[in-house]
Amino acid sequence: MQLGAIEAGGTKFVCGIGDETGQIIEQIRIPTTTPTETLAGVTAFFKQHPVAAIGIGSFGPIGVNAKHRDFGYITNTPKAGWENFNFLGYIRTHLNIPVYWTTDVNVAAYGEYQLGAGKDIDNLVYFTVGTGIGAGVIYQGKFLRGFNHLEAGHILIKHLPTDHFAGVCPYHADCLEGLASGPALEQRFNAPAAELANRPEVWQLEATYIAQACVNYTLSYSPDRIVIGGGVMHQEQLFPLIREAFTNLLGHYTETPDVMNYIQRIKLNDDAGLTGCLLLANELIATGQTVGS
Ligand code: ADP
Ligand code: ZN
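None of these values were measured; they are calculated from a predicted model.

What counts, and at which threshold
Residues numbered from 1 in each chain as written. Chains lettered and ligands numbered in written order. Predicted model: local features only at pLDDT ≥ 70, side-chain atom pairs only at ≥ 80, totals over all residues. Heavy atoms only, no water. Buried < 20%, exposed > 50% of the residue type's maximum accessible area, 1.4 Å probe, protein only. Helix = DSSP H or I, 4+ residues; strand = E, 2+ residues; numbered from the N terminus. Pairing = 2+ DSSP bridges. Near = heavy atom within 4 Å. Polar contact = N/O pair within 3.5 Å; in protein donor to acceptor, adjacent residues only side chain to side chain. Areas by Shrake-Rupley, 256 points an atom, 1.4 Å probe, with all protein chains shown as cover. Nonpolar A, V, L, I, M, F, W, Y, C, P; charged D, E, K, R; others polar. Contact = heavy atoms within 4.5 Å. Axes fitted to C-alpha atoms, helices over the stretch in contact; angles between N-to-C directions. Parallel < 35°, antiparallel > 145°, perpendicular 65-115°, else oblique. Left-handed = near helix turned anticlockwise from the far one by under 90°.

1. Describing the pairing of strand 1 (residues 3–8)
Across the 6 residues of strand 1, 5 count as buried, placing the element largely inside the fold. Pairing of strand 1 with strand 2 (residues 12–18), which is carried by 6 bridges, proceeds in the antiparallel orientation. Paired with Glu7 across the strands is Val14, a residue of strand 2. Counting the residues that bridge the hairpin from strand 1 to strand 2 gives 3 residues.

Shown next, in the form of C-alpha cells:
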C-alpha cells in the first residue's frame, strides 16, 4: 500500500510517498509561497503518485481539536496568506482520501517513537531546537493535547543573570525559544550558529537553557526518555553538557532513568517527520478513520 506524507514548513514543504512500515520511497521539496501556489504543487504530486492516506505535520500554531471551529486551520502565523487558512479542508477536498493532521513537531516525535530513539519505550518527550523550539509528548502511542496542541517550546525558564540578551520571542521575549533557538544564538553572538562551534561558552550557556527545559519536561511529564533534534543539535558537544546541567539542576529530587539513556539525540534525523507522517497515515487506514489528529 502506498501512503503519503507532507511536512509543511514555513520555508519549504516536503512531500513524500512510502509504505506502511514508514519506509520513504520518494520525496520532493516545494517552496512555501502562497497557499494556492504551494498546495497546487502538493496536490499535483499526489495526483501523479496516488496514495491510500496522507499524514500531515504542519507548522503552526494549528487547530488540532476536532471540537473547535479552527480544526484543520493554520491559525496564527506571520506568513502571508496562511493565517486562518483551512489546510486540512483544502487537502481533503482536493485529494479525497483519509488525512491525519498534527504539528510538524508531533510527526517527527512519532517517527522517533516508532522507529528511532524512542522505539523501545512507551512515553516520550521530543523537542527540536532549530529556527523555533517545539515539543511533542507521546504517552502510550497518543499525542498529549488538551484544548489544543502543546506549546512547550515557549515555556518560561530562568534567564541566567550573566546573560544580558533580551530574547527573540515576539510574544514572551525570554521564553525557551526566545533564549535558546538558532536565531537567539545568532543574534546574541552575532554570527551564524554553525560558526560558533569553537566557542565553548556559547554551548555551555545553550546547554544550561536546554537542560532547564529537560528538567521541566521531566517534572511535568515523567517520560521514559527525552529526545532532542533540530539544526542547533548538530553541535554534538551539547549533549554531555546538557546531561551534566540536567543532573545538577534536578538536584536528585527524583530518580530518572540513567541520564545517558534518558537524554538522547534524534536518530532518524531529517527523515523523522516524513516517517512519522507515513506511520500515522497507516494507522488511519488500520482503524478505518477518514480524519485523525
Ligand atoms: P527549522 O527549525 O527551520 O525546521 P532546523 O531544525 O534545521 O530548521 O534549524 C535551523 C536552525 O538551526 C538555524 O537557526 C541554524 O542557525 C541552526 N543550525 C543549523 N545547522 C547548525 C549547526 N551545524 N550548528 C548550530 N546550529 C545550526
Ligand atoms: Zn515564546
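Anyway, onward from the coordinates.
2. Some points on unusual backbone geometry
Backbone torsion omega between Gly60 and Pro61 reads 5°, so that peptide bond is classified as cis. Relative to the helices and strands, Pro61 resides in the loop between strand 4 (54–58) and strand 5 (73–74). Phi angles above zero are rare outside glycine, and Asn96 is one such case at about 55°. Among the structural elements, Asn96 can be located in the loop between helix 2 (87–95) and strand 7 (99–103). By relative accessible area, which is 68% here, Asn96 ends up exposed. Unusually for a residue other than glycine, Ser222 sits at a positive phi of about 45°. By secondary structure assignment, the location of Ser222 is in the loop between helix 6 (200–221) and strand 11 (225–229).

3. Description of the site of ligand 1
Inspection of the region around ligand 1 gives Gly130, Thr131, Gly182, Pro183, Glu186, Ala193, Ala194, Gly230, Gly231, Val232, His234 and Gln235 as its neighbouring residues. The contact in question runs from an oxygen atom of ligand 1 to an N or O atom on the side chain of Thr131, over 2.6 Å. A distance of 2.7 Å separates a nitrogen atom of ligand 1 from a polar side-chain atom of Gln235. Taking 570 Å² as the accessible area of ligand 1 by itself, protein coverage stands at 61%. Here the residues of the shell around ligand 1 are counted per class, giving 4 nonpolar, 7 polar and 1 charged.

4. Side note on the sheet that holds strand 1
The 6 strands are arranged 3-2-1-4-7-13 in an open sheet whose pairing can be described as mixed. The open sheet terminates on both sides in strands that have one partner only, identified here as strand 3 (24–31) and strand 13 (291–292). Judged from the 5 bridges that link them, strand 1 and strand 4 form a sheet pairing that is parallel. Each residue of the ladder has a partner; that of Ala8, found in strand 4, is Ser58. Its contacts with the sheet put helix 1 (residues 35–48) on strand 1, strand 2, strand 3 and strand 4, and the angle it makes with strand 2 is roughly 10°.

5. Examining the packing of helix 6 against helix 7 (residues 238–250)
The geometry of helix 6 relative to helix 7 is characterised by a closest axis approach of 8 Å and an angle of 55° between their N-to-C directions. The orientation of helix 6 with respect to helix 7, classified from their angle, is oblique. For the pair helix 6 and helix 7, the sense of crossing is right-handed. The segment helix 6 lies against helix 7, with Trp203, Gln204, Glu206, Ala207, Thr208, Ile210, Ala211, Gln212, Cys214, Val215, Thr218 and Leu219 engaging Leu238, Leu241, Ile242, Ala245, Phe246, Leu249 and Leu250. Here the residues of the contact of helix 6 with helix 7 sort into 14 nonpolar, 4 polar and 1 charged.

6. Considerations on the sheet that holds strand 9 (residues 133–139)
Pairing is mixed across the open sheet formed by 5 strands, whose spatial order is 10-9-8-11-12. Each end of this open sheet is capped by a strand with a single partner; those strands are strand 10 (142–143) and strand 12 (263–265). Examined bridge by bridge, strand 8 (residues 123–129) and strand 9 share 7 bridges and lie antiparallel to one another. Bridge pairing in strand 9 links Phe127 to Ala135. With respect to the sheet, helix 7 is in contact with strand 11 and strand 12, its orientation differing from that of strand 12 by roughly 165°.

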